[in-house]
Every structure is written in C-alpha cells, then in structure tokens.
Amino acid sequence: MKRWLAASFLLAAPTQAQELSLDHVLDAVAAHHPLIAAEIASVQAAEAEAYAARGEFDTKLSAQGRIAPAGYYDPKRMDVTLEQPTPFAGATVYAGYRIGRGNIASYYGEQRTLEAGEVRGGVRLPVLQDRAIDARRAGLRSGELGVRASEAGRDRVALDLERSAASAYFAWVAAGLKLQVAEELLELAQKRNSQIAEQVSLGALPSLEAIDNERTILQRTSQRVAMRRAFEKAGIDLSLFLRDPSGAPKLAERANLPPALQEPDAPRLGRLQAEQQALQLRPELLQSLAQLGLTGIERELGKNAMLPRLDVFGEVSRDLGDGPNDLLYSHRPTVVEVGLQISVPLWQRKARGKLRAIDAKLRASEQKLSFARDRARADVQDAYSQLDAARERQEVAERAYQTARRVADAERERFELGASTVLFVNLREQAAADAQMSAIDAHAELGYARTRVTLAAGESLRELPRE
C-alpha cells in the first residue's frame with residue numbers, strides 16, 4: 001500500500017518539524033482566526049445591548065427642592081420619588097416623600113404638609129396600549145433575540161471557516177504528495193540516464209535512446225516545477241486558516257507535510273437524519289429565526305400603537321407629625337386616590353402605515369427562512385452525493401494506480417531484458433505517476449467530503465472560545 005493511505009492525528013500544536021494534521025488547522029481557526037474573534041466581539045456587543053435593555057427596569061430615584069429667597073411668601077419644599085417599572089402588564093409602582101414648610105400661599109394649600117412630611121405610594125397600570133407589550137419589554141426581548149442572532153452568526157462563520165479550512169488542508173497535503181511523486185518520477189529518469197549512456201557507449205543501445213531520456217528528464221523537471229508551484233500556492237491558501245497565537249497567517253513548511261492523507265471518520269448519521277438535524281442546528285436557520293422573532297416584536301409594537309391609551313392609577317398618601325389645627329383637620333386623614341387617563345389618536349395614519357410595512361417585512365422574512373431551509377436540505381443532499389461519488393472514485397483510482405504500477409514495473413523489466421525502449425518505459429512510468437496523482441486527489445476529495453457532511457448537518461468540528 002502507498003504511504004498516503006495511512007491516517008495521522010496529532011493533537012499538540014505542530015512545531016517546525018512536526019506533521020501538520022487537520023486538527024491543528026481547525027484548532028488554529030477556532031482559537032486565533034480574526035473572523036472568529038470579530039464574531040465573538042459581536043456576540044459580546046449583543047450581550048452588552050441585552051444588559052442595557054434590562055436597565056430600562058432599573059429603579060429610578062428623583063428629587064427636587066425649591067425655595068423663594070425673595071418675595072412675600074417664603075416656601076420651602078422638597079420632594080423625593082422612587083419609581084420601579086415592572087415587566088408585569090406594564091405596571092409601574094412608586095413611593096415618595098415630600099415636605100412643605102414656610103409661608104406658603106393659601107391657594108397652594110396642597111403644597112403644605114405636617115411637620116414630618118407626607119409619605120405616599122401608588123401604582124400606574126395601562127389597560128389597553130402598553131399592557132401586552134411596551135418599549136421596555138420589547139427591548140428586553142429584542143436584546144435576548146439579538147444575542148441569539150449574534151451567536152448563530154458566530155457559529156455560521158465558524159462552520160464556513162471550518163469547511164474552507166478542511167478544503168485548503170486536503171488540497172495542501174494532496175499537492176505535497178503529488179510533488180513527491182513528481183520528484184520520484186524525475187529521479188527515476190535521472191538514475192536511468194547514466195545506465196543508458198553507458199549502454200549507448202558500448203553500442204547496446206542507439207544514441208536516440210539517450211536523447212529521448214534527456215527529453216524525458218526535461219519534461220519531468222518541468223512537471224516538478226509545476227507541482228512545486230501548486231504546493232506553494234496551496235500552502236499560502238492554507239495560511240489563511242493556520243494562524244499563530246497572535247492571529248497572523250502561518251506558512252506550513254515542507255517538513256510539516258504528513259506522509260499520508262488523514263482520513264476523517266465516516267459520518268455517523270444517515271442522509272435523512274442529517275437533513276433533520278440540519279434543520280435544527282444550522283446556524284443560518286437559527287439566525288433567520290431570531291431575526292424573524294425580532295420582526296415579530298416590531299409587529300406587536302405596531303399593533304400596540306393602534307390601541308388607545310387608557311391608564312388607571314391608584315395612590316395612598318398620609319401626612320406625619322403635628323401642625324396647625326387647620327392642617328391637622330385637612331391633612332391628618334389617610335388619602336386614597338384612584339383615576340384614569342385616556343388618549344385616542346384620531347387618524348392613526350402613522351401607526352397603520354408602519355404596521356403595513358412590518359407585515360410586508362414579516363412576509364419577506366418568512367419566505368427567506370423557507371428558502372434557507374430548502375438550501376440547507378439541498379446542501380446535505382449534495383454533501384452525501386459528493387461523498388458517495390468520492391468514495392467510488394477513490395476505489396476506482398486506487399485500482400487504476402495499482403494496475404498502472406504493475407504495467408510500469410513489467411515494462412522496466414522488459415527494457416532491462418532488451419525487449420523494450422526508453423520511450424515505452426517513460427510512457428508507462430508517466431501513466432503510473434498520473435494514476436497515483438489521480439488517486440491522491442480522489443483520496444483528498446473523500447476526506448473533504450466526509451468533513452463536509454458533518455458540517456452540512458450543522459455540527460461544528462471545534463468548540464469556539466467564548467471570550
């Protein structure tokens with residue numbers, strides 16, 4: 001069996017002389033790729049926005065004081081209020097304390113308090129508009145959905161990078177192994193050159209054989225140059241994913257080339273199971289669902305704006321301490337107040353137009369989500385189709401290589417016995433080398449296809465850092 005049929009897994013970070021495995025590349029992508037770092041920062045920003053949205057329910061303290069240093073009256077007033085919005089039916093509860101002293105005009109009698117001031121508490125409750133949803137609760141839910149959308153976006157970028165990284169890795173290994181084949185093929189012609197020259201000098205072979213072998217050496221040298229260029233380009237492409245701890249691209253060395261193509265495990269799910277899992281795990285679908293939820297919140301707010309505002313409130317207050325008899329009579333009892341406030345927009349053109357726009361946006365989002373599901377299913381189907389074809393191609397290419405190698409070996413034996421020519425030997429060797437390169441490509445495609453099936457089902461190959 002050829003060297004490239006073996007499998008090799010190394011979990012530690014590769015040094016300059018160690019073999020580079022797909023695990024190394026995927027680890028570098030997860031830990032150091034700048035696009036992953038950017039998406040993690042986006043998630044952190046969304047989490048900060050969600051945290052800020054919770055701040056809409058922070059307790060609010062307000063206070064004011066007032067004096068009149070000039071004028072006939074000398075009022076001295078101070079009022080402190082503590083207000084707590086709640087997510088329960090849009091209700092707001094509050095408590096307060098105020099004190100009014102000094103010479104206050106009689107027509108501002110409500111500003112006067114007993115000596116220890118007045119304490120009060122109450123609640124405001126929307127009945128129609130802002131009861132089911134309001135800007136505060138919408139912001140809270142939108143913040144949570146924003147985090148989900150950002151996390152799904154991060155996972156989507158990660159899957160795309162893992163898919164591209166796997167493709168680049170298998171292409172790099174295949175290019176390196178084909179370069180080795182081209183070098184070995186050139187070495188065969190170079191070694192044979194001295195033997196042919198000796199036989200030509202003895203008259204055992206015509207001089208044309210030596211010239212033909214020189215032609216072959218030049219042809220195979222050119223092929224080696226092309227293979228070396230392909231290997232260098234594959235290494236540059238791979239460096240976009242192979243990163244050092246600072247996030248800078250890292251070029252893989254020739255010494256890092258494994259002697260064999262690593263073969264990932266076969267898929268653990270069948271095609272139908274993979275399709276079902278993809279519809280549940282694919283991050284672009286989760287992202288679309290989160291965005292659809294955000295649009296749904298916009299629609300709820302739009303419908304809420306169509307409702308008339310009807311608020312009810314209740315407040316209990318009581319003055320404390322002593323005071324003049326006229327104040328004791330009017331301020332001593334506990335006061336209970338209830339009331340309502342109504343406001344009705346007459347035309348509602350702004351609210352109606354906005355709601356229509358949101359409905360159209362919602363329909364568009366639903367259609368996009370439907371297509372995204374179709375595309376996810378198609379991606380899984382195509383990945384399994386590629387896997388089946390790659391497996392079949394790899395088996396055929398392996399048999400073709402083994403056959404071509406046996407023919408090349410037999411042709412060399414015939415040449416050594418004087419029953420063949422350099423031309424036929426070179427043609428048989430080139431055919432065997434071409435078959436081996438084709439088998440390497442087929443094996444690389446099989447490895448990538450197995451990786452792609454896992455990713456198409458929505459499974460990430462690496463756990464991403466959270467910070």
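Fair warning: this is a prediction, and the values are worked out from it, not measured in the lab.

### A short note on the sheet that holds strand 5 (residues 309-319)
Thinking step 1. Taken in spatial order, the 6 strands of this open sheet run 1-2-3-4-5-6, and their pairing is antiparallel. Two strands bound the open sheet, and with one partner strand each, they are strand 1 (60-67) and strand 6 (335-343). Here the average twist between neighbouring strands, direction ignored, is 15°.
Thinking step 2. Where strand 3 (residues 92-103) lies against strand 4 (residues 118-126), 7 bridges are found, and the strand directions are antiparallel. Opposite Y97, over in strand 4, you have V119 as the bridge partner.

### Points about the nonpolar core
Thinking step 1. Membership of the largest hydrophobic core comes to 40 residues, with the highest contact counts inside it found for L20, V25, Y169, F170, W172 and L238.
Thinking step 2. The set of elements that each furnish at least two residues to this core consists of helix 1 (22-32), helix 2 (34-54), helix 3 (135-201), helix 4 (207-239) and helix 9 (422-456).
Thinking step 3. Setting aside anything within four residues of it in sequence, one finds F170 in contact with L22, L261, Q262, P264, A444, G447, Y448 and T451.
Thinking step 4. Counting 13 residues, the second largest nonpolar core, distinct from the first, contains L269, Y384, A390 and A456.

### What about the packing of helix 8 (residues 349-416) against helix 9?
Thinking step 1. At a minimum axis distance of 7 Å, the contact between helix 8 and helix 9 shows a crossing angle of 160°. Judged by the angle between their axes, helix 8 and helix 9 are roughly antiparallel. Where helix 8 crosses over helix 9, the handedness of that crossing is left-handed.
Thinking step 2. Classifying every residue of the contact of helix 8 with helix 9 by side-chain character gives 25 nonpolar, 5 polar and 14 charged.

### Details of unusual backbone geometry
Thinking step 1. Although it is not a glycine, A89 adopts a positive phi angle of roughly 55°.
Thinking step 2. Along the chain, A89 falls in the loop between strand 2 (74-85) and strand 3.
Thinking step 3. A89 gets classed as partly exposed once you look at its relative accessible area, which sits at 27%.
Thinking step 4. Phi angles above zero are rare outside glycine, and D130 is one such case at about 75°.
Thinking step 5. Its place among the elements puts D130 in the loop between strand 4 and helix 3.
Thinking step 6. For D130, a relative accessible area of 17% gives the class buried.

### Focus: the packing of aromatic side chains
Thinking step 1. Here the structure, examined in full by the defined rule, presents 3 aromatic pairs.
Thinking step 2. Relative to W172, the ring of Y169 has its centre 6.3 Å away and its plane inclined at 40°; by these criteria the two rings are tilted. One end of the pair is Y169 and the other is W172, both in helix 3 and 3 residues apart, which spans about a single turn. The exposure classification of Y169 matches that of W172, with both residues buried.
Thinking step 3. Look at W172 and F231: their rings are 5.8 Å apart centre to centre, the planes differ by 25°, and that puts the pair in the stacked class. Note that W172 is positioned in helix 3 and F231 in helix 4, a separation of 59 residues in sequence. Here the two residues W172 and F231 agree in accessibility, since each one is buried.
Thinking step 4. Pairwise contacts between aromatic rings join Y169, F170, W172 and F231 into one cluster.

Cut-offs applied
- Residues numbered from 1 in each chain as written.
- Predicted model: local features only at pLDDT ≥ 70, side-chain atom pairs only at ≥ 80, totals over all residues.
- Heavy atoms only, no water.
- Pairing = 2+ DSSP bridges.
- Helix = DSSP H or I, 4+ residues; strand = E, 2+ residues; numbered from the N terminus.
- Axes fitted to C-alpha atoms, helices over the stretch in contact; angles between N-to-C directions.
- Core = buried A, V, L, I, M, F, W, Y, C linked by side-chain atoms within 4.5 Å.
- Buried < 20%, exposed > 50% of the residue type's maximum accessible area, 1.4 Å probe, protein only.
- Contact = heavy atoms within 4.5 Å.
- Parallel < 35°, antiparallel > 145°, perpendicular 65-115°, else oblique.
- Left-handed = near helix turned anticlockwise from the far one by under 90°.
- Nonpolar A, V, L, I, M, F, W, Y, C, P; charged D, E, K, R; others polar.
- Phe/Tyr/Trp six-rings, centres within 6.5 Å; stacked < 30°, edge-to-face > 60°.

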